[in-house]
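# Geometric and topological summary
In case you want the letters, here they are:
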Amino acid sequence: MTESRFFILLAFAIVLTIGVAAGVAPRSPHGTTVSSVIVRPVSAAVGVHVPDELKAKYRRPDAIPSPPSNPLTPEKAELGKTLFFDPRLSRTGSVSCASCHNPGFEWGDGLKRGLGVTGVPLPRRTPTVLNAAWLSALMWDGRATTLEQQAALPITAEHEMGLELEEAVARVKDIAGYAPLFEAAYPGEGVRAETLLGALASFQRTLVSAEAPFDKWIDGDETAISEAAKRGFLVFNEAGRCSKCHSSWRLTDDSFHDIGLESGDIGRGQFAPPSVVIMQHAFKTPTLRDFRLSGPYMHDGSMASLDEVIDHYEDGGKKRPSLSPEMKAITLSAQERADLVAYLKTLQGPSLDVRMPRLP
Amino acid sequence: MRLPIAAFVMAMVVMALPLSSKASAGEHVVVLHHMELDRIEGEMRVDDVVTFDNRSDMTHNLYITYADGTVDNLDTQTPGMKRTVKLRVAGPAVVRCWIHPIIKSELVVLDREDDAGK
């Protein structure tokens, strides 16, 4: 009797010990015990189950939006593409929209800061034009509210393309081969600033990120991304707090935040009264779709690697009154950092199948 | 004799309290959900007070632009925080958020004189 009770107690102790080791000790997402003090909830640390409602927030839309004042048509997009690649829309005849929004660089330029006709470095990094159809505020500081409005800004900016809009229209009018393209796109309206800008806007609306592995996973293909990437998606939404601003299928909230970078550029603060403290040093959240893995990063191109970017968010940015309340210092384990990067890589889709136009 | 009168007055005050705590005709509450403002219902008039109740999980900074171009800034509003503004100018007005430009709500502020049937 005593002996059997001893064995029962021994068995109980063994079960208890195994249970504690398996369930309580900090474990890496791979299931091995680690010495890190970072312990996440079981759902994030052990499993890679992702709630459907969370995935649904990242589902791609079915159609490209366009405004009633300039509905998207293939003819407008074709004209817009021709204009987009035409360097004659710049003062020197040497810089086109595509010079900075180069398809080979994910429709950016891969530079820390853009360069235009004067060769003077621009104050900010060139953003991609991918998925611009969905933007509700354009440019890093949101000074344009429509693609049609935005299209005029680089053409006329002194250090970008440096051409008066009237001069751009006159040049296009003088190129005979443009007339049939304009007639097809805007019958009876001719070459005018409105049609030129409307066509450029229309072409940019067609530049939609191709389906990435992430999209396939969101649509239910569990094999489309790695387990590490799935864990990284949870880090992105939970411990990393990235989704506080990089939300929606485009991984941006189209909103403005001071993320605490050292810079004299006050961004959207230029367009807000000084009393709106929160807009000082605020810049638009960039999309993470098809971002260049090799950088550079941030509105000023000040960071060269993803590691540097994650370090910045771990630190929480420069503390000042305008710092976004969404910016809170975080701590990620080495495993979580690696998982996060694995996830971000799943946002890279194939290049768009855009054929270079023959310029008239 | 004084005690019953005092008690009666107290009772009246207590009975009136629930009524005065309700929003009167000149008070409105608009709830902020995520990146959306509840539709602004009912007539709004100059001097009415509008309370914006941030029930989203993000910080907002609303401002109202009046027909004359002047702006009232409601300042930063963290989740759970309420901000109020007294409507100053009659005419169409727009409520927007500095942080999230997608938030936009249009309203018409009526003049107080309209109350008198003018």
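As the structure is a prediction and not an experimental result, all values here were calculated from the model.

What counts and how
Residues numbered from 1 in each chain as written. Chains lettered and ligands numbered in written order. Predicted model: local features only at pLDDT ≥ 70, side-chain atom pairs only at ≥ 80, totals over all residues. Heavy atoms only, no water. Helix = DSSP H or I, 4+ residues; strand = E, 2+ residues; numbered from the N terminus. Contact = heavy atoms within 4.5 Å. Areas by Shrake-Rupley, 256 points an atom, 1.4 Å probe, with all protein chains shown as cover. pLDDT = per-residue confidence, 0-100. Phe/Tyr/Trp six-rings, centres within 6.5 Å; stacked < 30°, edge-to-face > 60°. Buried < 20%, exposed > 50% of the residue type's maximum accessible area, 1.4 Å probe, protein only. Lys NZ or Arg CZ within 6 Å of the ring centre and 35° of its normal. Pairing = 2+ DSSP bridges. Axes fitted to C-alpha atoms, helices over the stretch in contact; angles between N-to-C directions. Parallel < 35°, antiparallel > 145°, perpendicular 65-115°, else oblique. Nonpolar A, V, L, I, M, F, W, Y, C, P; charged D, E, K, R; others polar. Polar contact = N/O pair within 3.5 Å; in protein donor to acceptor, adjacent residues only side chain to side chain. Buried area = accessible area lost by both parts, 1.4 Å probe. Salt bridge = Lys/Arg side-chain N within 4 Å of Asp/Glu carboxyl O. 1 Å grid on protein atoms, 1.4 Å probe; cavity = no way out; pocket = protein on both sides within 12 Å on 5 of 7 lines; lining within 4 Å. Points joined across faces, edges and corners; volume = space filled by probe spheres on them. Expected span 1.5 Å × (residues − 1).

## Examining the overall build of chain A
A tally of helices and strands in chain A yields 13 helices and two strands. Within chain A, residue pairs in contact and separated by at least 24 positions form 68% of the contacts whose partners lie at least 6 positions apart. As presented, chain A carries roughly 17100 Å² of accessible surface, and 60% of it is formed by carbon and sulfur atoms.

## Structural notes on the confidence of the model for chain B
Residues and elements named next belong to chain B. Mean pLDDT over chain B: 81, with 74% of residues reaching 70 or higher. In the predicted structure, residues 11-23 sits below a pLDDT of 50 and forms one contact with residues beyond four places in sequence or in another chain. Note on the complex model: pTM 0.82, ipTM 0.78.

## Some remarks on the packing of aromatic side chains
Residue and element names in this part refer to chain A. Scanning the entire structure with this criterion turns up 17 aromatic pairs over all chains. With 5.3 Å between their ring centres and 75° between their planes, Phe214 and Tyr343 make a pair best called edge-to-face. Taken together, the residues Phe214 in helix α10 (residues 213-218) and Tyr343 in helix α13 (residues 334-345) connect sequence positions 129 residues apart. Each member of the pair, Phe214 together with Tyr343, is buried. Each member of the aromatic cluster is reached from another via a ring pair, and the members are Tyr58, Phe214, Trp217, Phe233, Phe236 and Tyr343. For Lys55, the ring lying beneath its charged end belongs to Trp217, and the centroid distance is 4.3 Å. Lying across the ring of Phe256, Arg268 places its NZ or CZ 4.3 Å from the centre.

## Points about the sheet that holds strand β6 (residues 71-77) of chain B
Spatial strand order, β3-β9-β8-β5-β6 (chain B): five strands in an open sheet with mixed pairing. Pairing within the sheet leaves two strands with one partner each, and these edge strands are β3 (44-45) and β6 of chain B.

## Concerning the packing of helix α6 (residues 147-156) of chain A against helix α9 (residues 193-205) of chain A
All names here are of chain A. Packing of α6 against α9 leaves a shortest axis separation of 8 Å and a crossing angle of 105°. By the angle between their axes, α6 is roughly perpendicular relative to α9. Counting all contacts with α6, which are made through Leu147, Glu148, Gln150, Ala151, Ala152 and Ile155, the residues of α9 involved are Leu196, Leu197, Gly198, Leu200, Ala201, Gln204 and Arg205. A class-by-class count of the residues in the contact of α6 with α9 yields eight nonpolar, three polar and two charged.

## Things to note about the packing of helix α11 (residues 227-237) of chain A against α13 of chain A
Residue and element names in this part refer to chain A. Where α11 contacts α13, the two axes come as close as 7 Å, and the packing angle between them is 100°. Here α13 runs roughly perpendicular to α11, going by the angle between their axes. For the pair formed by α11 and α13, the contact residues are Ala228, Ala229, Arg231, Gly232, Phe233, Val235 and Phe236 on the first element and Gln335, Glu336, Asp339, Leu340, Ala342, Tyr343 and Leu344 on the second. Here the contact of α11 with α13 is built from residues that sort into nine nonpolar, two polar and three charged.

## A few points about the side chain of Lys55 of chain A
Residues and elements named next belong to chain A. Along the polypeptide, Lys55 turns up in helix α3 (residues 52-56). Taking the relative accessible area as the measure of exposure, Lys55 reaches 7% and is therefore buried. A polar contact is formed between the side chain of Lys55 and the side chain of Glu222, at a distance of 3.3 Å. The residues contacting Lys55, other than those within four sequence positions of it, are Val50, Trp217, Ile218, Glu222 and Phe233.

## Some words on the sheet that holds strand β7 (residues 82-86) of chain B
Residues and elements named next belong to chain B. With mixed pairing, the four strands of this open sheet are ordered in space as β2-β1-β4-β7. Two strands lie at the open edges of the sheet, namely β2 (36-37) and β7, each paired on one side alone. With six bridges joining them, strand β1 (residues 27-33) and strand β4 (residues 49-54) adopt parallel strand pairing. Among the inter-strand pairings, Val31 is bridged to a residue of β4, identified as Asp53.

## Some thoughts on the interface of chain B and chain A
Across the boundary between the two partners, chain B contributes 12 residues, which contact 18 residues of chain A. For the chain B and chain A pair, buried surface summed over both sides reaches about 1200 Å², with 60% attributable to carbon and sulfur atoms. Summed over the three residues of chain B that lose the most area to chain A, namely Trp98, Ile99 and Pro101 of chain B, the buried surface amounts to 48% of that side. Summed over the shared surface of chain B and chain A, the number is zero salt bridges. Across the contact surface, chain B and chain A share two residue pairs in polar contact (both at pLDDT 80 or more). Across the side of chain B that touches chain A, the residue classes tally to six nonpolar, five polar and one charged.

## Some points on the layout of surface pockets
What the second largest pocket holds in volume is close to 580 Å³. Along the wall of the second largest pocket there are 21 residues; nearest its centre are Ser243, Ser247 and Ser248 of chain A together with His34 and Met58 of chain B. In the lining of the second largest pocket, the residues fall into six nonpolar, six polar and nine charged.

## Overview of the pattern of salt bridges
All names here are of chain A. Scanning the model with the defined rule gives 27 salt bridges over all chains in all. Here Asp141 ties to Arg143 by a salt bridge, and the two come within 3.0 Å at their closest N and O atoms. A relative accessible area of 37% means that Arg143 is categorised as partly exposed. Residues Glu222 and Lys230 are paired through a salt bridge, measuring 2.9 Å at the closest nitrogen-oxygen approach. In this structure Lys230 comes out as buried when scored by relative accessible area, which is 3%. It is possible to trace a salt-bridge network through shared partners that takes in Lys55, Glu222, Glu227 and Lys230.

## A closer look at the confidence of the model for chain A
On average, residues of chain A score 89 in pLDDT, and 87% of them reach the 70 mark or higher. Of the regions scoring below 50 in pLDDT, residues 8-37 of chain A engages in 22 contacts with residues more than four places distant in sequence or in other chains.

## Brief notes about α9 of chain A
Residues and elements named next belong to chain A. Helix length check: α9, at 13 residues, gives a terminal C-alpha distance of 18 Å against a target of 18 Å (1.5 Å per residue), a fit within 8%. Buried residues dominate α9, accounting for 11 of its 13 residues. Those residues of α9 that sit buried are Thr195, Leu196, Leu197, Gly198, Ala199, Leu200, Ala201, Ser202, Phe203, Gln204 and Arg205. Looking at the packing, one finds that the buried side of α9 touches α4 (74-84), α5 (97-100), α6, α7 (165-173) and α8 (178-185).

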